[in-house]
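# Close look at the chain arrangement
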Amino acid sequence: MYQEERMIQIVDYLKLHKRISVDDICEIFNISRDTARRDLVKLEEHQKIIRTRGGAILPSFHHDSISNYNERLLTVSEEKQVIGQLAASLVRNKDRIILDSSTTVQACAEKLNVQECSVITNSINQADVLSRKDGVSIHLLGGHLQKEHRYVYGSSVIATLSHYFVDKAFIGIGGISAHGLSLIHEEDGMLKHQMMKQADQVIVLADHSKFGKKFPYRFADLSEINIVITDRLPDPDMLDIFQHHDIEVIVPS
């Protein structure tokens, strides 16, 4: 994972938990204490955090600008583009699909190349990307707008989703481990889980840095997914876990 991506997730964690320790950062991102301290130093230089003994807190004047969706798009890596291309290749003509609001899933939307397809999404960015593609029918879910991350959420969105059935759901995550799929924001996780329940096939898009990671909110079990698309094979232990749950792993050839 790039430093910029870690910095975004560190600030997201702080929004939820108010403070973070160096040990927390090491465990979440599987990095050394020196690397964790360098991340905190850089965040402090940008006035995003206040460093404390052994960790950090948010400054009272924090404006959350580091974690908005457009800035996250700037950190979309080549790995995510490769994952997006592989994901798009699984969509067939006349498929009905769900795309969530993650930047990795947006890479899938950008690569989508079918003559006819129906898409349900809660992301205004995905809808914008797909509006330029002929033959793609878009259902943009309505609800409360999360301005930073450019998605809609809430009980009305979950209720609407429950009336739809689709062939495939493409889901982005914060982390994936033996304990399941996790991320930081509970409202986002609840929505992703409902998306998964409506699909015949659940496809998780995750670069290799997500393996073994656990974030505060677990939103789904491994038994609920069918395919993981990633940029490289996970380590043998993680691969064994996937095989135990009959999860197909797709990587670039």
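Residues numbered from 1 in each chain as written. Predicted model: local features only at pLDDT ≥ 70, side-chain atom pairs only at ≥ 80, totals over all residues. Heavy atoms only, no water.

### Focus: the overall build of the protein
Test applied: Secondary structure elements are defined from DSSP: runs of H or I of at least 4 residues count as helices, runs of E of at least 2 residues count as strands, and each element is numbered from the N terminus. All radius of gyration figures rest on C-alpha atoms, and the globule criterion is 2.2 Å times the number of residues raised to 0.38. Classification of residues uses two cut-offs on accessible area relative to the type maximum, computed with a 1.4 Å probe and protein chains only: under 20% is buried, over 50% is exposed, and between them is partly exposed. Residues count as neighbours in contact if any of their non-hydrogen atoms are within 4.5 Å of one another. All accessible-area figures derive from a Shrake-Rupley calculation using a 1.4 Å probe, and residue coverage is judged against the displayed protein chains alone. Positive charge is attributed to Lys and Arg, negative charge to Asp and Glu, and no charge count is given to His or to the chain ends. The atoms used to mark charge sites are NZ of Lys, CZ of Arg, CG of Asp and CD of Glu.
Scanning the protein from terminus to terminus reveals 10 helices and 15 strands. Computed over C-alpha atoms, the radius of gyration of the protein comes to 18 Å, within 12% of the 18 Å expected from 2.2 N^0.38 for 253 residues, which places it in the range of a compact globule. Principal-axis analysis of the C-alpha atoms gives the protein an extent of 55 × 40 × 30 Å. Counting over 253 residues, the protein shows a buried share of 52%. A fraction of 61% describes how many contacts in the protein between residues 6 or more apart in sequence connect residues 24 or more apart. As presented, the protein carries roughly 12000 Å² of accessible surface, and 46% of it is formed by carbon and sulfur atoms. Mean positive and mean negative side-chain charge positions of the protein (29 and 35 charges, respectively) differ by 4 Å.

### Regarding the environment of I138
In this structure, I138 sits in strand β6 (residues 136–140). Here I138 falls in the partly exposed class, since its relative accessible area comes to 32%. Measuring from C-alpha to C-alpha, the distance between I138 and Q126 comes to 9.4 Å, with 12 residues separating the pair along the chain. In this structure I138 touches V119, A127, L130 and S131, once residues within four positions along its chain are discounted.

### Comments concerning the side chain of R6
Locating R6 in the fold gives a position in helix α1 (residues 3–17). For R6, a relative accessible area of 9% gives the class buried. Apart from the residues lying within four places of it in its own chain, the contact partners of R6 are M1, F29, I31, T35 and D39.

### Details of the confidence of the model for the protein
Worth spelling out the cut-off: Residue-level confidence of the predictor is what pLDDT reports, using numbers from 0 through 100.
When the pLDDT values of the protein are averaged, the result is 89; 93% of them are 70 or greater. Segment residues 61–66 is flagged for pLDDT under 50; beyond a separation of four residues in sequence, or across chains, it makes 14 contacts in the model. Scored below 50 in pLDDT, residues 72–76 makes 12 contacts in the model with residues more than four places away or belonging to other chains.

### Things to note about the sheet that holds strand β3 (residues 55–57)
Rules: Think of it this way: DSSP has to see at least two bridges between two strands before they count as a pair. Only the stretch in contact is used when a helix axis is fitted, and all axes are lines through C-alpha atoms; the angle between N-to-C directions ranges over 0 to 180 degrees.
Spatial strand order, β1-β3-β2: 3 strands in an open sheet with antiparallel pairing. The outermost strands of the open sheet, each flanked by one partner alone, are β1 (19–21) and β2 (50–52). Between one strand axis and the next, the sheet turns by 25° as a mean value, whatever way the strands run. In the packing of helix α2 (residues 22–29) onto the sheet, contacts are made with β1 and β3, and the angle to β1 comes to roughly 75°. Contacting β2 and β3, helix α3 (residues 33–45) crosses the sheet at an angle of about 140° to β2.

### Some details on the packing of aromatic side chains
Just so we agree on the cut-off: The criterion for an aromatic pair is that two Phe, Tyr or Trp rings (for Trp, the six-membered ring) have centres within 6.5 Å, with stacked assigned to planes under 30 degrees apart, edge-to-face to planes over 60 apart and tilted to the rest.
Taken as a whole and assessed by the stated rule, the structure comprises 3 aromatic pairs. Note on Y151 and Y153: the rings are 6.0 Å apart at their centroids and 70° apart in plane angle, and the pair reads as edge-to-face.

### Side note on the pairing of strand β11 (residues 180–183)
Inspection of the sheet shows strand β10 (residues 175–177) paired to β11 by 3 bridges, in the antiparallel sense. Looking across to β11, one finds that G175 is bridged to S182. Where β10 folds back onto β11 in an antiparallel hairpin, the turn is made up of 2 residues.

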